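Residue strings, one per chain:
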Amino acid sequence: SQKIEQNSEALNIQEGKTATLTCNYTNYSPAYLQWYRQDPGRGPVFLLLIRENEKEKRKERLKVTFDTTLKQSLFHITASQPADSATYLCALEGGGFKTIFGAGTRLFVKA
Amino acid sequence: GAGVSQSPSNKVTEKGKDVELRCDPISGHTALYWYRQRLGQGLEFLIYFQGNSAPDKSGLPSDRFSAERTGESVSTLTIQRTQQEDSAVYLCASSLGTGITDTQYFGPGTRLTVL
């Protein structure tokens, strides 16, 4: 079955630096991959979707890459701010309308 | 409201009791999803509704779990004879339902605690 791995250890970075989060997957070749942000006590919020034929996608300070050979996606937040502190979830299409989510990586941005 | 709403926000129940969780999707969204999120884990797909099509129930963990949706409106997730391992946050999401890449909009979730 499909498996998604995200770093379970929290990522601590200084304000202004670039945060890079990793998502690895196995046993599947998804047509697309998504990144969500989740704040404590809230549901996830969609950030970006990247398709298998796209190498990179950008939205404001966010950048996502998708390497189908390595089966890996990288999520970057440039010029990070304390308000970017949250858990970031990677999700891939699981066939049909199903979405498979990773456990997420907690990001802390220190002022 | 403009977003997905869920009720109750918190539910504490005793082992063996039945619980009903409610989801009000965004108006006009034909697709509705239920997920379960255990502490420190990712979202686990439970069930998917799309318009009047038969729901995809492939994620329901046991026959104690069931869900209904009337048309394109409210959905209820029912857990019968609750067990302690059912304790989790249950999240509902809706989307336009026009394609598999539609953005899913999530509600705040219902935190279920089974004592």
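Residue indices begin from 1 for each chain and proceed along its sequence in written order. Chains and ligands are labelled sequentially in the order written, the chains with letters from A and the ligands with numbers from 1. Side-chain atom pairs in this predicted model are given and counted only at pLDDT of 80 or more, local residue features only at pLDDT of at least 70, and totals for whole chains, interfaces and linings cover all residues. Only hydrogens and water are set aside when side-chain values are computed; all heavy atoms of the structure are taken into account.

(A) The arrangement of the overall build of chain A in detail. Tallying secondary structure elements over chain A gives zero helices and eleven strands in all. Helix numbers and strand numbers start at the N terminus; a helix is a DSSP run of H or I with at least 4 residues, a strand a run of E with at least 2. Secondary structure elements of chain A, listed N to C terminal, follow the sequence β-β-β-β-β-β-β-β-β-β-β. In terms of overall dimensions, chain A is globule-like: its C-alpha atoms have a radius of gyration of 13 Å, near the 13 Å expected for 111 residues. Projecting the C-alpha coordinates of chain A onto the three principal axes gives extents of approximately 40 × 30 × 20 Å. Here's how the labels work: a residue is buried when its accessible area is under 20% of the maximum for its type, exposed when over 50%, partly exposed in between, all with a 1.4 Å probe on protein chains only. Residues counted as buried form 44% of the 111 residues belonging to chain A. Accessible surface computed for chain A: about 5,500 Å², of which carbon and sulfur atoms make up 46%. Charge convention: Lys and Arg are scored as positive, Asp and Glu as negative, and His as well as the terminal groups of each chain are ignored. Every charge is mapped to an atom, namely NZ of Lys, CZ of Arg, CG of Asp or CD of Glu. Both charge centroids of chain A, one from 15 positive and one from 11 negative side chains, sit 2 Å from each other. Our radius of gyration is a C-alpha quantity, and the globule rule it is checked against amounts to 2.2 Å times the number of residues to the power 0.38. Accessible surface is estimated by sampling points in the Shrake-Rupley manner with a 1.4 Å probe; for residues, cover comes only from the protein chains shown.

(B) Highlighting the overall build of chain B. From N to C terminus, chain B includes zero helices and ten strands. Helices and strands appear in chain B in the N-to-C order β-β-β-β-β-β-β-β-β-β. Compactness check: chain B gives a C-alpha radius of gyration of 13 Å against a globular reference of 13 Å for 115 residues, within 12% of the reference. Overall, the C-alpha framework of chain B stretches about 40 × 25 × 25 Å when taken along its three principal axes. Sorting the 115 residues of chain B into buried and exposed places 49% on the buried side. Whether two residues are in contact is decided by their heavy atoms, any of which lying within 4.5 Å being enough. Taking as baseline every contact in chain B between residues at least 6 positions apart, the subset at least 24 positions apart corresponds to 55%. Computing the positive centroid from 11 side-chain charges and the negative centroid from 12, chain B places the two 6 Å apart.

(C) Focus on the nonpolar core. We call a set of buried residues a nonpolar core when its members are Ala, Val, Leu, Ile, Met, Phe, Trp, Tyr or Cys and they connect through side-chain atoms within 4.5 Å of each other. Core analysis: the largest hydrophobic core is formed by 23 residues, its most contacted members being Leu33, Trp35, Phe75, Ile77, Tyr88 and Leu107 of chain A. Counting only elements with at least two residues in this core, the list comes to β3 (19-26), β4 (32-38), β5 (45-51), β7 (62-67), β8 (72-77), β9 (86-93) and β11 (105-110) of chain A. Setting aside chain neighbours within four positions, we find Tyr88 of chain A in contact with Gln6, Leu21, Trp35, Tyr36, Arg37, Leu47, Phe75, Ile77, Gly104, Thr105 and Leu107 of chain A. Core analysis: the next-biggest nonpolar cluster, separate from the first, contains 20 residues, Cys23, Ile26, Leu77 and Val114 of chain B among them.

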